[in-house]
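# Observations on the three-dimensional arrangement
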Amino acid sequence: NVTPLVDVMLVLLIVFMVSAPLMQQGIQVDLPKAGGGTLNESQDPIVISVNKRREIAFNGTTIEGDSLRTRLEAIVRVKPDVQILIQGDQGVPYGAIAQVMGEVKRAKVQRVGLVTESAPSENAKD
């Protein structure tokens, strides 16, 4: 009598395993490569992404550019030591990233970082 229940549970498990990666939200960002070190994260940072079409995403949710500062100011009031990481697509002009950084600084955020991909090692063999 338990066999049908186990069958249904296994089918549900497979469905959720297949559909979970498809449910990820956010925007696609092609990060530039740099040879900087890794960041030690003591808390969960807020990630602001800017894609090629200059769409701004706040922790994976697309928002309007003018609401960015108000969101950040509200967060800073509650959590003054918040850490902001900015992911900028390498195809976006520097000015667009600078505008986002300016909004972050105007919101009185002290800890701001840029996210890049690791550059390939110079000693790596092809």
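Before reading on, note that the structure itself is shown above.
The paragraphs below set out a description of the structure included in this document. Each chain has its residues counted from 1, running along the sequence as written. Given that this is a predicted model, residues contribute local features only at a pLDDT of at least 70 and side-chain atom pairs are listed and counted only at 80 or more, while totals for whole chains, interfaces and linings are drawn from all residues. Excluded from the side-chain calculation are hydrogens and water; included are all heavy atoms of the structure.

## Comments concerning the overall build of the protein
Put simply, the rule is: For helices the rule is a DSSP run of H or I covering at least 4 residues; for strands it is a run of E covering at least 2, with both sets numbered from the N terminus onward. Using a 1.4 Å probe on the protein chains alone, a residue whose accessible area is under 20% of its type maximum counts as buried, one over 50% counts as exposed, and one in between counts as partly exposed. When checking whether two residues touch, look at their non-hydrogen atoms; a contact exists if any pair is within 4.5 Å. Each accessible area value is a Shrake-Rupley result obtained with a 1.4 Å probe; residue values ignore everything except the protein chains displayed when judging cover.
Per the secondary structure count, the protein includes three helices and seven strands. What you see in the protein, going N to C, is helices and strands ordered as α-β-β-β-β-α-β-α-β-β. Within the span of the protein, comprising 126 residues, buried residues form 28% of the whole. Pairs at least 24 apart in sequence give 70% of the contacts found in the protein among residues at least 6 apart. Here the protein has roughly 9,200 Å² of accessible surface; of this, 55% comes from carbon and sulfur atoms.

## Topic: a nonpolar patch on the surface
Our working definition: Like charges are joined within 9 Å and nonpolar side chains (Val, Leu, Ile, Met, Phe, Trp, Tyr) within 5 Å, but only among residues with over 30% relative accessible area and no salt bridge; these make up the patches. We define a salt bridge as a side-chain nitrogen of Lys or Arg found within 4 Å of a carboxyl oxygen belonging to Asp or Glu.
Taken together, the side chains of V2, L5, V6, V8, M9, L10, L12, L13, F16 and M17 make up a nonpolar region of the molecular surface, amounting to roughly 980 Å² of accessible area. Looking at where V8 falls in the secondary structure, it is placed in helix α1 (residues 3–19).

## Observations regarding the packing of helix α2 (residues 68–78) against helix α3 (residues 94–106)
We apply this condition: As a rule, the C-alpha atoms of each element are fitted with a line to give its axis, helices using only the stretch in contact, and angles between N-to-C directions run from 0 to 180 degrees. Left-handed describes a crossing whose near helix is turned anticlockwise from the far helix by less than a right angle; the clockwise case is right-handed. Residues are grouped as follows: Ala, Val, Leu, Ile, Met, Phe, Trp, Tyr, Cys and Pro are nonpolar; Asp, Glu, Lys and Arg are charged; all remaining types, including Gly, are polar.
Interaxial distance between α2 and α3 falls to 8 Å at its minimum, and their mutual angle equals 35 degrees. Both α2 and α3 take part in a crossing whose hand is right-handed. Contacts from L68, R69, L72 and E73 of α2 reach α3 at V100, E103, V104 and R106. Here the contact of α2 with α3 is composed, by residue class, of four nonpolar, no polar and four charged.

## Here we look at the nonpolar core
Condition: We define the nonpolar core as a collection of buried residues of types Ala, Val, Leu, Ile, Met, Phe, Trp, Tyr and Cys that are connected through side-chain atoms lying within 4.5 Å of one another.
Ranked by size, the top nonpolar core spans 19 residues in total, and within it I48, L72 and I84 carry the most contacts. The dominant element in this core, judged by the number of residues it contributes, is α3, at four residues. Here I84 is in contact with I46, I48, L72, V104, V109, R111, V112 and G113, once residues within four sequence places are set aside.

## Focus on the side chain of D89
Cut-off, in case you're wondering: This count recognises Lys and Arg as positive and Asp and Glu as negative, with His and chain-terminal groups excluded. We define a polar contact as two N or O atoms separated by no more than 3.5 Å, with the added condition that, inside protein, one atom must be a possible hydrogen donor and the other a possible acceptor, whereas residues neighbouring each other in sequence contribute only through side-chain atom pairs.
Here D89 is to be found in the loop between β5 (83–88) and α3. For D89, which is buried and forms no salt bridge, the nearest opposite charge comes from K52, at a distance of 4.7 Å. Polar side-chain contacts of D89 include one of 2.8 Å to the backbone nitrogen of G91.

## Thoughts on the packing of aromatic side chains
For clarity, the cut-off: When the centres of two rings from Phe, Tyr and Trp lie within 6.5 Å, Trp using its six-membered ring, the rings pair. Their planes under 30 degrees apart give stacked, over 60 give edge-to-face, and anything left gives tilted. Over a ring means this: the NZ of a Lys or the CZ of an Arg is within 6 Å of the ring centre and within 35 degrees of the ring normal.
Evaluation of the coordinates by the stated rule reveals zero aromatic pairs. Above the face of the F58 ring, R71 is positioned so that its terminal group lies 5.6 Å from the ring centre.

## Description of α2
The cut-off we apply is this: Throughout, the arc means that of the directions going from the helix axis to the C-beta atoms.
Listed as buried for α2 are L68, L72 and V76. What you see down the axis of α2 is that its buried residues fit within an arc of 60 degrees, all on one side. For α2, exposure combined with an orientation more than 90 degrees from the buried face picks out R77 and V78. As for α2, its buried residues are in contact with β2 (46–50), β3 (56–58), β4 (61–63), β5 and α3.

That is the geometry; function is a separate question.
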